[in-house]
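Architecture at a glance
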There are 2 protein chains.
Amino acid sequence: MTIPGPISPPPRLLMGPGPIGAYPSVLEAMSAPLVGQYDPFMTATMTETQELYRGVWATTNDATLLIDGTSRAGIEAAIVSLVRPGDRVLVPIFGRFGHLLAEIAERALAEVHTIEVPWGQVFPVSAIEEAIVRVQPTLLALVQGDTSTTMNQPLDEIGALCERHGVLFYSDATASLGGNAFEADAWGLDAATAGLQKCLGGPSGSSPITLSPRAVEVVQARKKIEAGIREPGDPSARDFVRSNYFDLGMILDYWGPRRLNHHTEATSMLYAARECARVLLLEGRDAVIERHRIAGTAMLAGVQGLGLTVFGDIAHKMNNVVAVEIPEGVPGDIARAALLEEDGIEIGTSFGPLHGRVWRIGTMGYNAREDAVMTTLAALEALLRRFGAAVPVGGGVEAARDVYRSA
Amino acid sequence: MTIPGPISPPPRLLMGPGPIGAYPSVLEAMSAPLVGQYDPFMTATMTETQELYRGVWATTNDATLLIDGTSRAGIEAAIVSLVRPGDRVLVPIFGRFGHLLAEIAERALAEVHTIEVPWGQVFPVSAIEEAIVRVQPTLLALVQGDTSTTMNQPLDEIGALCERHGVLFYSDATASLGGNAFEADAWGLDAATAGLQKCLGGPSGSSPITLSPRAVEVVQARKKIEAGIREPGDPSARDFVRSNYFDLGMILDYWGPRRLNHHTEATSMLYAARECARVLLLEGRDAVIERHRIAGTAMLAGVQGLGLTVFGDIAHKMNNVVAVEIPEGVPGDIARAALLEEDGIEIGTSFGPLHGRVWRIGTMGYNAREDAVMTTLAALEALLRRFGAAVPVGGGVEAARDVYRSA
């Protein structure tokens, strides 16, 4: 084969449902030199990153760390470590990623019970309580923000509900963390996972996770130390996790004071994850969420100002993504490709029942910025006009600019 | 908390058993801007990276790709996708990582059979054949290079053996690929996995994998497409893989022409993996292995020139790592820490039966270089003298220099 040159990506403004463009300092952090796995600098960086993520998650959980894989690696680690074969798991589904949680729990041989609302809605607390009473699950697995529908499921009352019924409460906050309120401790989460590639403004490939002391107890009871490094007296549960890579008991021993060898921590992704949390906390968690709220409000006003119909229950929309109906007569995928090729701007297509019907436009992480919102709306206006849709001249940018002016 | 500054690792020359320092161009590649998951540039980069790794593995396998996780993620993906619960798996163990393969197969509920040789030895083909005949496994899982003992198990006759007996042949080449001969097709491999952090000269966090058409058939027969994106007529095997993240059937659909959404590919790690393969093929696969052979021979001669005793069967040592007995009276871990703190050079400790008894010194990837070998030997000489060991003046660097002079 002809050997290609160094990687040289085209310039892109990523305004889809994620992945989005990373903060420049996150890209920079990844080119920092590597150190050894047990270098004091490495273990100190792991410890420091744990503390930074306690700030991101709003938790005091000791067990706050990273899983080396994409966001679904974090989901699978949480579920396979907390759920034993035969355990009942309740999954309220309001979009594609609810199906994913159910699917992962099924593969872990749980007895999975689901409830569903139509895409574009969220669950009232009462519906979740009714299902908990009926199913009596070991674990409630609930997506916070599902990009497939743009909905943000309120979680603030769910922890207390789970506690009353003796249910472990896990939430997948991949798409929402950093751009919408998330209070791991105040909301009573037992486990939560995320990814870097959405509001945290980093690349896919590292999954932040936090576990309550109650979740850690469940995990530790199933601990099995692998034969190659097991010492006399070490536990080796019969009821072990069916995965080595995702066995949180072993991963906690690696991140904890014992530093027991498991995988070789992905050093460059650790640097990236650390920088994502660092920029978030430097700006301030609430300030970053507010920046996402304003950018999201501006983008919402902008697409409405262009006369587009917004999909779903806007009152429960995530700050960081909006779904708009593709106007009659506009070829969705062809128009999207033209926007990418000619303007270098990416917006998203959709899955399942919404495929071909809506575009999804994101404003997250580094790209939750006024200039990114304005550029996207201006290009979108030109695009729609070019494909024959009637759009008010300047309607998008004017409406969005009003939001920024009054913010 | 006080928010720390940008990441600023101390300078280190990593001469342990891995992870080691990355090629500068690999670090640089990771700071390239991100693109969207289905950007034509992204999918083209994935395809291009597959072709580059065909060159690295010496294979024409279509199913040559990356698993998003560390090297043990690749191992687990191979094993859980190829092995059904109850299947017999044969694992010849000659070091720690054989135990890891057995452990992962056990977690996958295989019926695991092991054979062992003492640490520091490899298996004769006859011992493996005897066990295959006795056990009649579905899968033979065999480490190529085990850093825990430095041994390099000959694989060249094993594929034909497996084929004769109808056994799938999987090898973990994490520690060896790129620094020692590996011929996926010529040696009849059905599956092989690796990591970037050893001879490939990148960071941990991406695992190259290749699968023969026969292995792909096994994987495809177990395919299950997740509910959120399943379409009428899509398969949904009863005999599904017990992991979503590691289900190679789904991962192949994501890397293949259908581009069916699974995880969000870890873009920066993809860039890194691409660059690792690119620098290897630019230099030439055989030339890189030869560079490792020379560096390894020089380091071996050097430690022997310092009067150190080498552990294990040298005739079967990997090119890229050597284990030396810690001289009587030298406090192994304290001396190692001094070398790191004062000289910025990392060498490795050991696991299990060798812990406290040997150091492991690596020459791999970017660090399989004359200057790195010389610097390490000079520092080692000074270190040993400081801790009271009698060492020949200049004995290490002289012997190593002779190897380079006659190379």
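As a reminder, the structure under discussion sits directly above these lines.
Before going into details, it helps to say that this report is about the structure given with it. Note that this is a predicted model, so its numbers are computed, not measured.

1. Some thoughts on the nonpolar core
- Grouped together as the largest cluster of nonpolar side chains are 208 residues, with contacts concentrated most on Tyr53, Leu140 and Phe182 of chain A together with Tyr53, Leu140 and Phe182 of chain B.
- Excluding its chain neighbours within four sequence positions, the residues that come into contact with phenylalanine 182 of chain B are Trp57, Ala58, Gln144, Leu155, Ser171, Ala173, Leu177, Trp187, Leu189 and Ala192 of chain B.

2. Regarding the packing of helix H3 (residues 71-82) of chain B against helix H4 (residues 96-107) of chain B
All names here are of chain B.
- Where H3 contacts H4, the two axes come as close as 10 Å, and the packing angle between them is 45 degrees. Judged by the inter-axis angle, H3 sits oblique to H4. Of the two possible hands of crossing, H3 and H4 adopt the one that is right-handed. Within the contact between the two elements, H3 uses Arg72, Ile75, Glu76 and Ile79 and H4 uses Arg96, Leu100, Leu101, Ile104 and Ala105.
- Looking at side-chain class alone, the contact of H3 with H4 contains six nonpolar, no polar and three charged residues.

3. Observations regarding the sheet that holds strand E10 (residues 207-211) of chain B
All names here are of chain B.
- The mixed open sheet is built from seven strands, whose spatial order is E2-E10-E9-E8-E5-E3-E4. In the strand order of this sheet, the two ends are held by strand E2 (63-67) and strand E4 (111-116), each with one partner. With strand direction ignored, the average angle separating the axes of adjacent strands in the sheet is 15 degrees.
- Looking at chain direction, strand E3 (residues 88-93) and strand E5 (residues 139-143) are connected through two bridges and run parallel. Across the sheet, the residue bridging to leucine 90 is leucine 140, located in E5.
- Strands in contact with helix H5 (residues 125-135) are E3, E4 and E5; relative to E3, the strand with the most contacts, it is inclined by about 160 degrees.

4. Some words on the side chain of threonine 59 of chain B
Residues and elements named next belong to chain B.
- In this structure, threonine 59 sits in the loop between helix H2 (40-57) and E2.
- There is a polar contact of 2.5 Å between the side chain of threonine 59 and the side chain of aspartate 185.
- Contacts of threonine 59, omitting those with residues within four sequence positions, involve Arg54, Thr64, Ala184, Asp185 and Thr210.

5. Remarks on the relation of the copies chain B and chain A
- Once turned by 180 degrees and shifted 0.0 Å along the axis, chain B lies on chain A with an RMSD of 0.0 Å. Such a turn and shift between the copies fits a two-fold axis. Measuring from the rotation axis to each C-alpha of chain B, the shortest distance belongs to glycine 69 of chain B, at 2.4 Å.

6. Some words on the interface of chain B and chain A
- Listed as interface residues are 84 residues of chain B and, on the opposing side, 84 residues of chain A.
- Both faces considered, chain B and chain A share a buried interface measuring about 7100 Å² in area, 63% of it formed by carbon and sulfur atoms.
- Its largest share of buried area at the contact with chain A, chain B owes to Ile7, Leu34 and Arg107 of chain B, together 12% of the area lost on that side.
- For aspartate 39 of chain A, the salt bridge identified is with arginine 12 of chain B, shortest N-O distance 2.5 Å.
- Summed over the shared surface of chain B and chain A, the number is 30 residue pairs in polar contact (both at pLDDT 80 or more).
- Elements represented by at least two residues in the side of chain B that touches chain A include exactly helix H1 (24-29), H2, H3, H4 and helix H9 (267-283) of chain B.
- Of all the elements, H9 of chain B adds the most residues to the side of chain B that touches chain A, at nine residues.
- Here the side of chain B that touches chain A is built from residues that sort into 40 nonpolar, 23 polar and 21 charged.

7. Considerations on unusual backbone geometry
Residue and element names in this part refer to chain A.
- Cis peptide bonds are those with omega within 30 degrees of zero, and the linkage from glycine 18 to proline 19 qualifies with 0 degrees.
- Within the fold, proline 19 resides in the loop between strand E1 (13-14) and helix H1 (24-29).
- The backbone phi angle of leucine 109 is positive, close to 65 degrees, even though this residue is not glycine.
- Within the secondary structure, leucine 109 sits in the loop between helix H4 (96-107) and strand E4 (111-116).
- Residue leucine 109 is classed as partly exposed on the basis of its relative accessible area, which comes to 35%.

8. What to know about the pairing of strand E2 (residues 63-67) of chain A
Residues and elements named next belong to chain A.
- Judged by how many residues are buried, E2 sits mostly within the fold: five of five residues are covered.
- In E2, alternate side chains face the same way, and those of Ala63, Leu65 and Ile67 on one face and Thr64 and Leu66 on the other are all buried.
- Across five bridges, the pairing between E2 and strand E10 (residues 207-211) is antiparallel. Residue pairing in the sheet places leucine 65 in a bridge with isoleucine 209 of E10.

9. Some words on the state of the cysteines
All names here are of chain A.
- The full count for this structure, using the stated rule, is zero disulfides over all chains.
- The structure places no disulfide on cysteine 276, whose sulfur is separated from the nearest cysteine sulfur, that of cysteine 199, by 11 Å.
- Exposure remark for cysteine 276: the relative accessible area of 1% places this residue in the buried category.

10. Some words on empty space enclosed by the protein
- Taken as a whole and assessed by the stated rule, the structure comprises five cavities of 30 Å³ or more.
- Empty space within the largest cavity amounts to approximately 250 Å³.
- Together, 21 residues line the largest cavity, and Arg107, Arg242 and Ser243 of chain A together with Arg107 and Arg242 of chain B are the ones closest to its centre.
- Broken down by secondary-structure element, the contributors of at least two residues to the lining of the largest cavity are helix H3 (71-82) of chain A together with H3 of chain B.
- Of the residues belonging to the lining of the largest cavity, the class tally is 11 nonpolar, two polar and eight charged.

Criteria and cut-off values
- Residues numbered from 1 in each chain as written.
- Chains lettered and ligands numbered in written order.
- Predicted model: local features only at pLDDT ≥ 70, side-chain atom pairs only at ≥ 80, totals over all residues.
- Heavy atoms only, no water.
- Core = buried A, V, L, I, M, F, W, Y, C linked by side-chain atoms within 4.5 Å.
- Buried < 20%, exposed > 50% of the residue type's maximum accessible area, 1.4 Å probe, protein only.
- Contact = heavy atoms within 4.5 Å.
- Axes fitted to C-alpha atoms, helices over the stretch in contact; angles between N-to-C directions.
- Helix = DSSP H or I, 4+ residues; strand = E, 2+ residues; numbered from the N terminus.
- Parallel < 35°, antiparallel > 145°, perpendicular 65-115°, else oblique.
- Left-handed = near helix turned anticlockwise from the far one by under 90°.
- Nonpolar A, V, L, I, M, F, W, Y, C, P; charged D, E, K, R; others polar.
- Pairing = 2+ DSSP bridges.
- Polar contact = N/O pair within 3.5 Å; in protein donor to acceptor, adjacent residues only side chain to side chain.
- Least-squares fit on C-alpha atoms with pLDDT ≥ 70 in both.
- Buried area = accessible area lost by both parts, 1.4 Å probe.
- Salt bridge = Lys/Arg side-chain N within 4 Å of Asp/Glu carboxyl O.
- Disulfide = S-S within 2.5 Å.
- 1 Å grid on protein atoms, 1.4 Å probe; cavity = no way out; pocket = protein on both sides within 12 Å on 5 of 7 lines; lining within 4 Å.
- Points joined across faces, edges and corners; volume = space filled by probe spheres on them.

The analysis is restricted to geometry; functional conclusions fall outside its scope.
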